[in-house]
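Commentary on secondary and tertiary structure
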Amino acid sequence: QQQVKQSPQSLIVQKGGIPIINCAYENTAFDYFPWYQQFPGKGPALLIAIRPDVSEKKEGRFTISFNKSAKQFSLHIMDSQPGDSATYFCAARISGGYNKLIFGAGTRLAVHP
Amino acid sequence: EAGVAQSPRYKIIEKRQSVAFWCNPISGHATLYWYQQILGQGPKLLIQFQNNGVVDDSQLPKDRFSAERLKGVDSTLKIQPAKLEDSAVYLCASSPGTGDFHEQYFGPGTRLTVT
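In this text the structure is predicted, and so the values were computed from the model without any measurement. (Residues numbered from 1 in each chain as written. Chains lettered and ligands numbered in written order. Predicted model: local features only at pLDDT ≥ 70, side-chain atom pairs only at ≥ 80, totals over all residues. Heavy atoms only, no water.)

Assigned secondary structure in chain B consists of 0 helices and 11 strands. Along chain B, helices and strands appear, N-terminal first, in the series β-β-β-β-β-β-β-β-β-β-β. In terms of overall size, chain B behaves like a compact globule, its C-alpha atoms giving a radius of gyration of 13 Å where 115 residues would be expected to give roughly 13 Å. By its C-alpha atoms, chain B is 40 × 25 × 25 Å across when sized along the principal axes. For chain B, with 115 residues in total, the buried portion stands at 46%. Of the accessible surface of chain B, which amounts to about 5500 Å², a share of 50% is contributed by carbon and sulfur atoms. (Helix = DSSP H or I, 4+ residues; strand = E, 2+ residues; numbered from the N terminus. Rg over C-alpha atoms; globule rule 2.2 N^0.38 Å. Buried < 20%, exposed > 50% of the residue type's maximum accessible area, 1.4 Å probe, protein only. Areas by Shrake-Rupley, 256 points an atom, 1.4 Å probe, with all protein chains shown as cover.)

This paragraph deals with the sheet that holds strand β6 (residues 56-59) of chain A. Paired through their backbone hydrogen bonds, the strands of a sheet run either parallel or antiparallel. Residues and elements named next belong to chain A. Reading across from one edge, β1-β3-β8-β7-β6 is the order of the 5 strands in this open sheet, with antiparallel pairing throughout. Either end of the sheet is taken by a strand with one partner, and the two such strands are β1 (4-7) and β6. The average undirected angle you get between the axes of adjacent strands in this sheet is 15 degrees. Relative to strand β8 (residues 72-77), strand β7 (residues 62-67) runs antiparallel, the two sharing 6 bridges. (Pairing = 2+ DSSP bridges. Axes fitted to C-alpha atoms, helices over the stretch in contact; angles between N-to-C directions.)

As a further point, take the side chain of D86 of chain B. Residue and element names in this part refer to chain B. Of note, D86 is situated in the loop between β8 (75-79) and β9 (88-95). In terms of polar contacts, D86 uses its side chain to reach the side chain of R64, at 2.5 Å. When neighbours within four sequence positions are excluded, D86 is seen to be in contact with Q36, R64, F65, I79, P81, L112 and V114. (Polar contact = N/O pair within 3.5 Å; in protein donor to acceptor, adjacent residues only side chain to side chain. Contact = heavy atoms within 4.5 Å.)

Contact residues are listed per partner, giving 27 residues for chain B and 20 residues for chain A. Of the roughly 1800 Å² buried between chain B and chain A on both sides combined, carbon and sulfur atoms contribute 54%. When the buried area of chain B at its contact with chain A is split by residue, P43, F101 and F106 of chain B rank highest and sum to 31% of it. Counting across the chain B and chain A interface gives 1 salt bridge. Between D56 of chain B and K100 of chain A there is a salt bridge, and its shortest N-O distance comes to 3.2 Å. At the boundary of chain B and chain A, one finds 7 residue pairs in polar contact (both at pLDDT 80 or more). At the level of secondary structure, the elements contributing two or more residues to the side of chain B that touches chain A comprise β4 (31-37), β5 (44-50), β6 (53-56) and β9 of chain B. (Buried area = accessible area lost by both parts, 1.4 Å probe. Salt bridge = Lys/Arg side-chain N within 4 Å of Asp/Glu carboxyl O.)

The next point concerns the state of the cysteines. For the coordinates displayed, the defined rule picks out 2 disulfides over all chains. Paired by a disulfide, C23 of chain A and C90 of chain A hold their sulfur atoms 1.9 Å apart. As the torsion about the S-S bond is roughly -95 degrees, the C23 of chain A-C90 of chain A disulfide counts as left-handed. Remark: C90 of chain A occurs in strand β9 (residues 86-94) and C23 of chain A occurs in strand β3 (residues 20-25); sequence separation between them is 67 residues. Residue C90 of chain A is classed as buried on the basis of its relative accessible area of 0%. A disulfide bridge connects C23 of chain B with C92 of chain B, and the sulfur atoms are separated by 1.9 Å. (Disulfide = S-S within 2.5 Å.)

Put into structure tokens, the structure is as follows:
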């Protein structure tokens, strides 16, 4: 089953809070797990990505945690700001393919001042 | 560098009409993708080109959707005839190639409304 399940659908936090978005997969034939950020009226843009042999990756205020045995990964946004308000998509790349991504359903994040 | 360009940005048509979308990828990018993003869902890959050739069209409804990539650069996606359930944002993306992870760069999309 080539599917990525994402939760929650929506999330509201106060400025400075740490929103956490979770994703889970069943197919083990995935070899890359990127996160995309999408603002209204724009296309998704790559935020951060991780390989399954790494348990954590940080880039600025964004951190991916990866649990290979549980087939779960999550995005943490430290010190969240109103400008982080957007929709976030997790994705998984099918290994051995042509860079094909399977996207989660998305999480709409609102960061209140 | 210029990003992925798409046109039109918005289109409203009646069901059973036809429509075409155009995409100009980032210069030099070998791989081009067309996605369908229904409201409240993640993007779903419709078709992927590697240079001129199709490498994945497994989720393209071929009875009504068609796509081509001329000379390995620009691409058009056509729907004929359109159905109500085709209302969505159609995203075009491009990436440098395959192999190790290649970031996909997305255009702003075309919002299609079928009435």
